[in-house]
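Observations on chain architecture
Spelled out from the first residue to the last, the chains are:
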Amino acid sequence: MSAPNRKKVLAIVLAGGEGKRLMPLTADRAKPAVPFAGIYRLIDFALSNVVNSGYLKVVVLTQYKSHSLDRHVTQTWRMSTMLGNYVTPVPAQQRVGKHWYLGSADAIFQSLNLLKDEKPDIVVVVGADHVYRMDFAQMVQQHCESDATCTVAAIRQPIELADQFGVIDVHPDDPSRIRAFLEKPTNPVGLPDSPGEVLASMGNYVFDADALIEAVTRDATMEGSKHDMGGDIVPAFVRRELAGVYDYKDNVVPGATDRDRGYWRDVGTLGSYYAAQMDVVSPLPVFNLYNFAWPIYTSYGPQPPAKVVQGVDGSEAAVDEALLSPGVVVSGASVQRSVLSPGVRVEAGAVVEGSVLMNDVRIGAGAIVRNAILDKNVVVPDGAQVGVDHEADRARGFVVEDGLTVLGKDQSF
């Protein structure tokens, strides 16, 4: 087989996620468009991994509430057209019938015209709503050197957590081959080299293009299929003994530290989304945003620098363990262990602790915001409290979950 770097690769980013468990953050946007760490959207991590891996022909399959996602991709992710490179969002188009995408496999089936136009040898398929760094070129190389026509990326998890994941059971004599794909098993077998661990699917795949086309086309005709990549397509390759596994621990990303190497977070719930935000604000973050050898790309518009100043009443500002995005002004307030997105203002005497404030949030003088997520344009009045009394928060109509108080976009008191 020819060297993998001579293979023609097309990347497909599956970005149609509805994200019901992230409500109200997904009430007005697709899950991959949810802001993260101040200046980013969740999809920026997947796209940055793809382009840093050297793959510059990328289609983003969108569906639910995709306007802000489409706008972000088209305005931010611009490639050199002279070189034939592109990142382009592709909405559901009902190409094969009067229905929208029925699942991730159906999304690819309905978009096979993209593969026929591009004629790739290899297709890299990735999800759009995880926080991590990964060099897909290393996974593609392993795939090309194997006999597999489908390779699944997997991350090691403690065996006692196996019932929370889709678990990959490997051949004992060849741990790179998948013997079975188990959905949330209760009695799994540990790995040959680590009996206390199992391999959980990351939702990232590499396929021979012709094999992927054949698989999703066949799946489209099967009654009872959920038309899902992990639930239907991968098991079909496993049954034919054509599926391999790529162990995420073998992935070496330039600039990674011992502390953040191998980090991967599925931010599918409000609790996990919040925890991932807290991962980046700690003094020694378990996910390092400052790795300039493998940058996370984005665009946040024409914002001025962040500013921390005394309040008009002379009160001192105190900021620690916080991400302050461009356009932020902290005026005589206390901000601790929090993420402040572009355009946020925190007025004199206010206290913000353990919170995530999205674009253009206003925290009035003397207000207290604790363990909260406030979506765009929320205004907390002077002296008001959020996250201090959960019963009072519920009475106001705020979402209270996992110890967090969450206000949706433009929600008022």
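Below: a short report on this structure.

The rules we used
Residues numbered from 1 in each chain as written. Predicted model: local features only at pLDDT ≥ 70, side-chain atom pairs only at ≥ 80, totals over all residues. Heavy atoms only, no water. Helix = DSSP H or I, 4+ residues; strand = E, 2+ residues; numbered from the N terminus. Rg over C-alpha atoms; globule rule 2.2 N^0.38 Å. Buried < 20%, exposed > 50% of the residue type's maximum accessible area, 1.4 Å probe, protein only. Contact = heavy atoms within 4.5 Å. Areas by Shrake-Rupley, 256 points an atom, 1.4 Å probe, with all protein chains shown as cover. Lys, Arg positive; Asp, Glu negative; His and termini not counted. Charge placed at Lys NZ, Arg CZ, Asp CG, Glu CD. Axes fitted to C-alpha atoms, helices over the stretch in contact; angles between N-to-C directions. Left-handed = near helix turned anticlockwise from the far one by under 90°. Core = buried A, V, L, I, M, F, W, Y, C linked by side-chain atoms within 4.5 Å. Pairing = 2+ DSSP bridges. Salt bridge = Lys/Arg side-chain N within 4 Å of Asp/Glu carboxyl O. Phe/Tyr/Trp six-rings, centres within 6.5 Å; stacked < 30°, edge-to-face > 60°.

**Some words on the overall build of the chain**
Counting its regular elements, the chain contains nine helices and 27 strands. The C-alpha atoms of the chain give 22 Å as radius of gyration, which agrees with the globular expectation for 413 residues (22 Å, within 12%). Summarising its shape, the C-alpha atoms of the chain cover approximately 70 × 50 × 40 Å along the three principal directions. For the chain, the residues scored as buried account for 54% of the 413 residues in total. For the chain, the share of sequence-separated contacts (at least 6 apart) that also reach a separation of at least 24 residues comes to 59%. Summed over its atoms, the accessible surface of the chain is roughly 17,700 Å², and 50% of this surface lies on carbon and sulfur atoms. In the chain, which carries 38 positive and 49 negative side-chain charges, the distance between the mean positions of the two groups comes to 5 Å.

**Here we look at the packing of helix α1 (residues 43-52) against helix α2 (residues 67-76)**
The description of two packed helices rests on the angle between their axes and on the distance between the axes. Running from N to C, α1 and α2 cross one another at 35 degrees; their axes reach a closest spacing of 12 Å. When the axes of α1 and α2 are compared, the crossing they make is right-handed. The segment α1 lies against α2, with Ile-43, Asp-44 and Leu-47 engaging Leu-69, His-72 and Val-73.

**Description of α1**
Along α1, nine of the ten residues are buried, which leaves the element largely enclosed by surrounding structure. Regarding α1, the residues found buried are Ile-43, Asp-44, Phe-45, Ala-46, Leu-47, Ser-48, Asn-49, Val-50 and Val-51. Looking at the residues trailing α1, positive phi occurs at Gly-54, about 95 degrees.

**Topic: unusual backbone geometry**
Leaving glycine aside, a negative phi is the common case for residues, and trans is the common case for peptide bonds. That bond from Met-23 to Pro-24 is cis: its omega, 10 degrees, falls within 30 degrees of zero. If you trace the backbone, Pro-24 turns up in the loop between β1 (9-15) and β2 (35-36). Non-glycine residue Glu-241 carries a positive phi angle of around 55 degrees. For Glu-241, the location among the structural elements is in the loop between α7 (229-239) and β12 (243-247).

**Observations regarding the nonpolar core**
Membership of the largest hydrophobic core comes to 40 residues, with the highest contact counts inside it found for Val-13, Ile-43, Leu-47, Met-134 and Phe-136. Sorting the residues of this core by element identifies β1, α1, β4 (57-62), α2, β6 (122-127), α5 (136-145), β8 (150-158) and β11 (197-208) as the ones contributing at least two each. Counting residues per element, this core draws most heavily on α1, at five residues. Aside from chain neighbours lying at most four places away, what touches Leu-47 is Val-13, Val-58, Val-60, Val-73, Trp-77 and Val-87. Ranked by size, the runner-up nonpolar core spans 38 residues in total, among them Leu-14, Leu-61, Ala-105 and Val-170.

**Details of the sheet that holds strand β21 (residues 362-363)**
Pairing is parallel across the open sheet formed by five strands, whose spatial order is β14-β16-β18-β21-β24. Looking at strand neighbours, the two that pair on one side only are β14 (307-309) and β24 (379-380), the edges of this open sheet. Of the pairings in the sheet, the one linking strand β16 (residues 329-331) to strand β18 (residues 345-346) comprises two bridges and is parallel in character. Bridging from a neighbouring strand, Val-329 pairs with Arg-345 of β18.

**Brief notes about the packing of helix α6 (residues 209-219) against α7**
Here α6 crosses α7 at 120 degrees, and the two axes come no closer than 10 Å. The handedness of the crossing between α6 and α7 comes out as right-handed. Only Met-229, Asp-232, Ile-233, Ala-236 and Phe-237 of α7 make contact with α6, whose side of the interface consists of Ala-211, Leu-212, Ala-215, Val-216, Arg-218 and Asp-219.

**Re the pattern of salt bridges**
If you walk through the whole model with that rule in mind, you get 19 salt bridges. Across the pair Asp-129 and Lys-31 runs a salt bridge whose closest N-O atoms are separated by 3.5 Å. One end of the pair, Asp-129, is in the loop between β6 and β7 (130-132); the other, Lys-31, is in the loop between β1 and β2, with 98 residues separating them in the sequence. The same class applies to Asp-129 and to Lys-31, which are both buried.

**Quick look at the environment of Phe-237**
By the secondary structure assignment, Phe-237 is in helix α7. Taking the relative accessible area as the measure of exposure, Phe-237 reaches 1% and is therefore buried. With near-sequence residues (within four places) excluded, Phe-237 lies in contact with Thr-149, Cys-150, Phe-207, Ala-211, Leu-212, Ala-215, Leu-242 and Ala-243.

**What about the packing of aromatic side chains?**
In the structure shown here, the tally under the stated rule is nine aromatic pairs. With centroids separated by 5.6 Å and ring planes inclined at 50 degrees, the aromatic side chains of Phe-207 and Phe-237 adopt a geometry described as tilted. Note that Phe-207 is positioned in strand β11 and Phe-237 in helix α7, a separation of 30 residues in sequence. Taken together, a centroid distance of 5.0 Å and an interplanar angle of 40 degrees make the contact between Tyr-263 and Phe-287 tilted. One end of the pair, Tyr-263, is in the loop between β12 and β13 (264-266); the other, Phe-287, is in the loop between α8 (270-281) and β14, with 24 residues separating them in the sequence. In terms of burial, Tyr-263 and Phe-287 fall into one category: buried.

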